[in-house]
Amino acid sequence: MSAADSFKKGGEPGDGVIGAVYLVGAGPGAPDLITVRGAELLRRAGAVLYDALANDALLGLTRDDAELIYVGKRAGAHALSQQEINQLLLEKARQHAVVVRLKGGDPFVFGRGGEEVEFLQRHHVPVEVVPGVSSAIAGPAAAGVPVTHRSVSRSFAVVAGHTVDGLDAPNWKALAQIDTVVVLMGVAAVEEIAARLIAAGRAPETPAAAVQSATLPDQRQVIATLATLAQAMREVEIVAPAVLVIGEVVRLAQTAQPAFAWLTPMFAGEALALRKESASM
């Protein structure tokens with residue numbers, strides 16, 4: 001059952017009727033990579049709470065009277081705390097029939113979507129998750145790197161890179177055994193991440209890449225080895241947001257199709273227009 005099916009009919013939010021909240025994945029960057037369902041909900045929403053990594057061009061899909069509320073989080077700069085975001089979702093659900101929580105990538109991939117769903121359910125707010133294309137897969141793909149390949153990679157893991165030690169640290173020994181390792185939010189700690197993987201048994205010469213602003217017009221990438229990735233990133237000034245990918249699949253980047261080559265002729269013109277609009281904002 002969708003959140004819309006759970007919406008109480010016969011009233012308006014604000015009169016004791018709770019609207020529905022939709023956690024929508026905005027995709028990896030390019031605005032045309034949002035799902036059809038996500039775009040439809042943006043057109044219907046009375047309020048949109050959007051993240052830093054959600055492309056601003058998507059806000060152009062919203063109603064003229066929609067509330068657009070920035071709740072983004074960057075390293076060391078949070079517009080609102082997670083608790084404040086949760087409370088704001090509840091408040092807007094009491095004011096609007098359709099509320100969209102727009103998140104970069106997929107809501108359930110390091111997007112704290114699970115926490116928001118739990119909060120909304122505790123307060124009896126109808127909620128639906130609309131999956132999005134995660135940069136964990138689309139980032140490498142935009143650089144021509146598949147996360148799996150029958151010949152060289154039958155497993156992959158996605159890990160958050162902003163915590164490298166302590167109780168929240170990844171299991172480096174286990175990760176070192178995975179064919180392909182994708183790291184999100186790892187730019188600042190790339191040197192330490194490489195050191196931990198090598199210490200856990202990963203070969204220093206393992207191919208590695210960093211992809212910045214994947215699927216956007218200013219996409220940049222660098223290919224190196226696990227041991228040299230940090231230095232290579234510094235030399236070409238790769239900065240966040242960027243996806244790191246480590247494994248033999250990185251070798252395929254040189255022979256794969258260029259980024260955006262998957263667009264069909266039917267959508268190519270519209271996609272380029274959206275990307276130009278995004279680049280000019």
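Residues numbered from 1 in each chain as written. Predicted model: local features only at pLDDT ≥ 70, side-chain atom pairs only at ≥ 80, totals over all residues. Heavy atoms only, no water.

*Asks:* How should I be thinking about the confidence of the model for the protein chain in this particular structure?
*Replies:* The pLDDT averaged across the protein chain works out to 88; a share of 82% of its residues lies at or above 70. Across residues 6-11, where pLDDT falls below 50, the model places 11 contacts with residues more than four positions away in sequence or in other chains. In the predicted structure, residues 261-269 sits below a pLDDT of 50 and forms six contacts with residues beyond four places in sequence or in another chain. (pLDDT = per-residue confidence, 0-100. Contact = heavy atoms within 4.5 Å.)

*Asks:* Explain helix α8 (residues 229-236) to me, please; I cannot follow it from the model alone.
*Replies:* Because each turn of an α-helix spans 3.6 residues, side chains separated by three or four positions end up pointing in the same direction. For α8, the set of buried residues is Leu 229, Ala 230, Ala 232 and Met 233. Along α8, the residues classed as buried sweep out an arc of 165 degrees about the axis, all on the same side. Once α8 finishes, Glu 237 follows within two positions and takes phi at roughly 60 degrees, a positive value. (Buried < 20%, exposed > 50% of the residue type's maximum accessible area, 1.4 Å probe, protein only. Helix = DSSP H or I, 4+ residues; strand = E, 2+ residues; numbered from the N terminus. Arc of directions from axis to C-beta.)

*Asks:* Help me understand the nonpolar core in this model?
*Replies:* One broad rule of soluble globular proteins: the nonpolar side chains tend to lie buried together. Ranked by internal contacts, the top residues of the largest apolar core, which has 26 residues, are Leu 229 and Met 233. If you list the elements that add at least two residues to this core, you get β8 (156-160), α6 (172-175), β9 (180-184), α7 (190-199), β10 (207-212), β11 (220-225), α8 and β12 (242-246). Setting aside anything within four residues of it in sequence, one finds Leu 229 in contact with Val 190, Ala 208, Ala 209, Ala 210, Val 222, Ala 224 and Leu 244. (Core = buried A, V, L, I, M, F, W, Y, C linked by side-chain atoms within 4.5 Å.)

*Asks:* I tried to follow α7 on my own but got confused; where do I start?
*Replies:* Within α7, burial applies to Val 190, Ile 193, Ala 194 and Leu 197. Taken around the axis of α7, the buried residues stretch over an arc of 95 degrees, which confines them to a single face. The inward-facing, buried residues of α7 abut α6, β9, α8 and β12. Downstream of α7 by a residue or two, Gly 201 has a phi angle that is positive, lying close to 120 degrees.

*Asks:* So what exactly am I meant to see when it comes to the pattern of salt bridges here?
*Replies:* Pairing between side chains becomes possible if they bear opposite charge and their charged atoms approach one another. Using the criterion set out here, one finds 13 salt bridges in the structure. Here Asp 51 ties to Arg 101 by a salt bridge, and the two come within 2.7 Å at their closest N and O atoms. You can see Asp 51 sitting in the loop between β2 (47-50) and β3 (67-70) and its partner Arg 101 sitting in strand β6 (residues 98-103), a full 50 residues away along the chain. Taking the relative accessible area as the measure of exposure, Asp 51 reaches 15% and is therefore buried. Overall, Arg 101 belongs to the buried group, its relative accessible area being 2%. Here Glu 67 ties to Lys 92 by a salt bridge, and the two come within 2.9 Å at their closest N and O atoms. Here the residue Glu 67 occupies a position in strand β3, and Lys 92 occupies one in helix α3 (residues 82-93), the gap between them amounting to 25 residues. If you follow the salt bridges from partner to partner, you end up with Arg 37, Glu 40, Arg 44 and Glu 128 in one network. (Salt bridge = Lys/Arg side-chain N within 4 Å of Asp/Glu carboxyl O.)

*Asks:* Just to check I follow, could you spell out the side chain of Glu 116 for this structure?
*Replies:* As for its placement among the helices and strands, Glu 116 is situated in helix α4 (residues 113-122). According to the relative accessible area criterion, Glu 116 is buried, its value standing at 0%. A polar side-chain atom of Glu 116 sits 2.9 Å from a polar atom in the side chain of Gln 82. Engagement of the side chain of Glu 116 in a polar contact is seen with the side chain of Lys 103, the distance being 3.2 Å. Apart from residues lying up to four places away in sequence, Glu 116 is in contact with Leu 23, Gln 82, Ile 85, Asn 86, Leu 89, Arg 101 and Lys 103. (Polar contact = N/O pair within 3.5 Å; in protein donor to acceptor, adjacent residues only side chain to side chain.)

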